[in-house]
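# Understanding the architecture of this molecule
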Amino acid sequence: QAQVRLVGSGAILREVIEAQRLLADDWQIAAEVWSATSFAELEREAREVERWSRLHPGEPARTSHVARSLAGRAPIVAASDSVRAWPQLIAPHVSLSDGARFVALGTDGFGRSDTRGALRRFFEVDRHQVVLAALAALAASGALAHDVCTQAIARYGIDADAPAPWRA
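The notes below deal with the structure included here. Everything numeric here is computed off the predicted structure, so don't read it as measured data.

### Quick word on unusual backbone geometry
- At Gln28, a position not held by glycine, the phi torsion is positive, near 55°.
- Mapped onto the elements of the fold, Gln28 is located in the loop between helix H1 (13-27) and strand S2 (30-35).
- Overall, the relative accessible area of 52% leaves Gln28 in the exposed class.
- At Asp98, a position not held by glycine, the phi torsion is positive, near 55°.
- Relative to the elements of secondary structure, Asp98 occurs in the loop between helix H4 (85-88) and strand S4 (102-105).
- What makes Asp98 exposed here is its relative accessible area of 56%.

If you want it as structure tokens, here you go:
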């Protein structure tokens, strides 16, 4: 059975949890949910571990918390209410295998919405976009047929022809 890992930071975690439910209910896909209290702190600790290992070549290499926690074959979708650069910070420190992908979602650009829900939909970081990102990552790794993504776009009313939010 296909599996994916969802990582959320702060208030977006509720959307990530709802995405987990939608993946299970609508697509029968299991998803782990991880809460990242700080993508910056996870990256900083990973960088320190890499530095220590580089400066102590005679010692067994150390492994960062994020590398231990998220390594494997399951694609990762990491979401933030801030810019996508925040979740992207941890991507280089996660070892994925078998073509698994790391996808970062965030609110890149200037807000043009009256509610948080509208903002998340505009910036493509709401629960439906988290689900679509997970499905697309699974399809890219060969674990799922690509037409499932087309079905999700239709089911959730996603405008596939909308301009990219960072260009709109």
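Resuming the write-up.
### Considering the packing of H1 against helix H6 (residues 127-140)
- Close contact between H1 and H6 brings their axes to 8 Å; oriented N to C, the two are set at 55°. On the basis of their axis angle, the class for H1 and H6 is oblique. Once H1 is placed against H6, the crossing between them reads as right-handed. Contacts between H1 and H6 pair Glu15, Glu18, Ala19, Leu22, Leu23 and Trp27 from the former with Arg127, His128, Val130, Val131, Ala134 and Leu135 from the latter.
- Considering only residue class, the contact of H1 with H6 consists of 8 nonpolar, 1 polar and 3 charged.

Reading the values: the criteria
- Residues numbered from 1 in each chain as written.
- Predicted model: local features only at pLDDT ≥ 70, side-chain atom pairs only at ≥ 80, totals over all residues.
- Heavy atoms only, no water.
- Helix = DSSP H or I, 4+ residues; strand = E, 2+ residues; numbered from the N terminus.
- Buried < 20%, exposed > 50% of the residue type's maximum accessible area, 1.4 Å probe, protein only.
- Axes fitted to C-alpha atoms, helices over the stretch in contact; angles between N-to-C directions.
- Parallel < 35°, antiparallel > 145°, perpendicular 65-115°, else oblique.
- Left-handed = near helix turned anticlockwise from the far one by under 90°.
- Contact = heavy atoms within 4.5 Å.
- Nonpolar A, V, L, I, M, F, W, Y, C, P; charged D, E, K, R; others polar.

Everything listed here is a matter of coordinates, which is why it stays silent on function.
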